[in-house]
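Letter by letter, the chains look like this.
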Amino acid sequence: MRTSTSDAAKLRALIDAEAQRAGFDAIAVTTPDAIPLAPARLAEFVADGFHGSMDWIAETLERRGEPSTLWPEVRSIIVLAMNYGPDHDPRDLQARQDRGAISVYAQNRDYHDVIKGRLKEIAGKIVARAGGDVKVFVDTAPVMEKPLAQAAGLGWQGKHTNLVSREHGSWLFLGTIFTTAELAPDRAEIDHCGSCRACLDACPTDAFPAPYRLDARRCISYLTIENKGPIPHEFREKIGNRIYGCDDCLAACPWNKFARAASEAKLAARDDLREPPLADLLELDDAAFRAFFSGSPIKRIGRDRFIRNVLIATGNSGDAALAIPVRGLLDDASPLVRGAAIWALARLVPDAEYAERAATGLKTENDAAVREEWRLARPDRAHA
Ligand code: B12
């Protein structure tokens, strides 16, 4: 769609005003051809297997790497960012082993819902003013939001691969509006990480094989959210009490000193998700899980995967009192839960109890993976 320079300037002024009104903290514009390096880097990520079981990344490779393959009519891409900065250092909770640590982004209402609604409002205003067509995307569409945000100038992709901004540090959500309108692009941002490697060194599971490259299979965010099966043994202790996502690489970023806490009205944390007791979470059955996490992104992973995570944190808690709810989960209907309960039990009860329960468990358990958990949790104590 052809737009005259003065019309484009007026449209941009409208977009800026609407974005501010909708509560976005930053907005900038880029073009669909502005991320020429991204397709090859994305292909390398997939070729190396770094996407793990996120098959949807491999399946959408072409569309994801090239915005104009996703939507040939797109002429401009508006990238919007919303600050979700915490009002405390999220790593502090790691010292409270009886509590579960939920990553900052998941302590509020699901940002997909919050941001998508607001992007749609702005997109509606663009069409009303300039005509043409628009599409809005946040997170789940095959769009590479971070390189697009860097190309638009909102920040740069840090060594932890997330977008870092001078004003908001590492605490930004991203969303995009694709439009057929021609808008003048903003200038791309350059890298300001320098020789810093704080985020790389902060990773508990060594998920960065090199700066700017993440092996998702080792990332606690992937292991606790995307991974549907048992959590590999090598990561269980390192996960500590992190029960949904991880903030360590973000929280280590020195640029956060310029960030401010997100406002209450927008994306403030739910009080009951700031430091939930593991004992309470272990009690959640399916219905209680869905009710408690209504409107939260955590609901997406379902009760069984969530309880799996809580059980790993419970095993790491060293709190023998938690063996009581763990014993109750040894007979859970979900093999995923039973397997994680075995691991937690092995770390909380004396040898004699474990040996006795393993002997009984191995007699009655039919699931091969759960049987393997009985054997591996304490190889010296479990006899087939
Ligand atoms: C898949 C995914 C994940 C996966 C994989 C993460 C990843 N880094 O790829 C997992 C589940 C692990 C994950 C975790 C998290 N995620 Co996520 N995730 C996504 C998603 C859906 C796609 C990302 C993607 O395209 N990955 C593929 C890789 C190849 O792309 P890339 O990360 O851009 O990789 C680039 C670099 O490697 C770089 N590169 C490679 N080599 C080199 C060399 C040099 C020299 C340079 C300069 C660059 C470079 O080029 C690549 C292409 O740009 C986006 C939403 C979206 N649609 O964009 C959200 C998104 C990236 N996630 C987000 C968030 C908040 C998180 C978590 C913080 C959540 C949490 N607290 O647990 C963690 C952070 C972990 C981390 N350090 O990345 C936000 C990030 C916002 C921001 N400020 O950047 C996004 C944008 C969602 C959103 N709409 O806000 N996520």
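None of these values were measured; they are calculated from a predicted model.

K.L.:
Please give an account of the nonpolar core that cites residues and values.
P.N.:
For soluble globular proteins, nonpolar side chains are generally found buried alongside one another. Ile177, Phe306 and Leu311 are the most contacted members of the largest nonpolar core, which has 115 residues in total. The element contributing the most residues to this core is helix 17 (residues 335-348), with 9 residues. Three or more residues apiece are contributed to this core by two domains, here domain 1 (5-91 + 104-179) and domain 2 (277-384). Excluding residues that lie within four positions of it along the chain, Phe306 makes contacts with Ile243, Leu281, Leu284, Phe289, Phe293, Ile298 and Ile301.

K.L.:
Give a detailed account of the site of the ligand, specifying residues and quantitative values.
P.N.:
The environment of the ligand is formed by 38 residues, the closest being Val143, Glu145, Lys146, Leu163 and Tyr212. At a separation of 2.7 Å, an oxygen atom of the ligand approaches a polar backbone atom of Leu163. One nitrogen or oxygen atom from the main chain of Tyr212 is found 2.5 Å from an oxygen atom belonging to the ligand. Of all the secondary-structure elements, those providing two or more residues to the shell around the ligand are helix 2 (38-47), helix 3 (55-59), helix 7 (145-152), strand 7 (172-179), helix 9 (220-226) and helix 11 (248-251). For the shell around the ligand, the residue count by class is 24 nonpolar, 7 polar and 7 charged.

K.L.:
Tell me about the side chain of His160, and please be specific about residues and values.
P.N.:
For His160, the position within the fold is in the loop between strand 5 (156-157) and strand 6 (163-164). Using a relative accessible area of 4% as the deciding quantity, one classes His160 as buried. A distance of 3.1 Å separates the side chain of His160 from the backbone nitrogen of Asn162, its partner in a polar contact. Ignoring any residue separated from it by four or fewer positions in sequence, one finds His160 in contact with Ser170, Cys199, Phe208, Cys249 and Leu250.

K.L.:
Before we move on, could you go through the pairing of strand 7 and cite the residues and values that matter?
P.N.:
Sheet faces and side chains relate simply in a regular strand, where the side chains alternate between the two faces. In terms of burial, strand 7 is a largely internal element, 8 of the 8 residues being buried. Neither face of strand 7 is open: one carries Leu172, Leu174, Thr176 and Phe178, the other Phe173, Gly175, Ile177 and Thr179, and all of them are buried. Pairing of strand 2 (residues 76-83) with strand 7 involves 8 bridges; the strand directions are antiparallel. Paired with Ser76 across the strands is Thr179, a residue of strand 7.

About the thresholds
- Residues numbered from 1 in each chain as written.
- Predicted model: local features only at pLDDT ≥ 70, side-chain atom pairs only at ≥ 80, totals over all residues.
- Heavy atoms only, no water.
- Core = buried A, V, L, I, M, F, W, Y, C linked by side-chain atoms within 4.5 Å.
- Buried < 20%, exposed > 50% of the residue type's maximum accessible area, 1.4 Å probe, protein only.
- Helix = DSSP H or I, 4+ residues; strand = E, 2+ residues; numbered from the N terminus.
- Domains from an automatic or database assignment.
- Contact = heavy atoms within 4.5 Å.
- Near = heavy atom within 4 Å.
- Polar contact = N/O pair within 3.5 Å; in protein donor to acceptor, adjacent residues only side chain to side chain.
- Nonpolar A, V, L, I, M, F, W, Y, C, P; charged D, E, K, R; others polar.
- Pairing = 2+ DSSP bridges.

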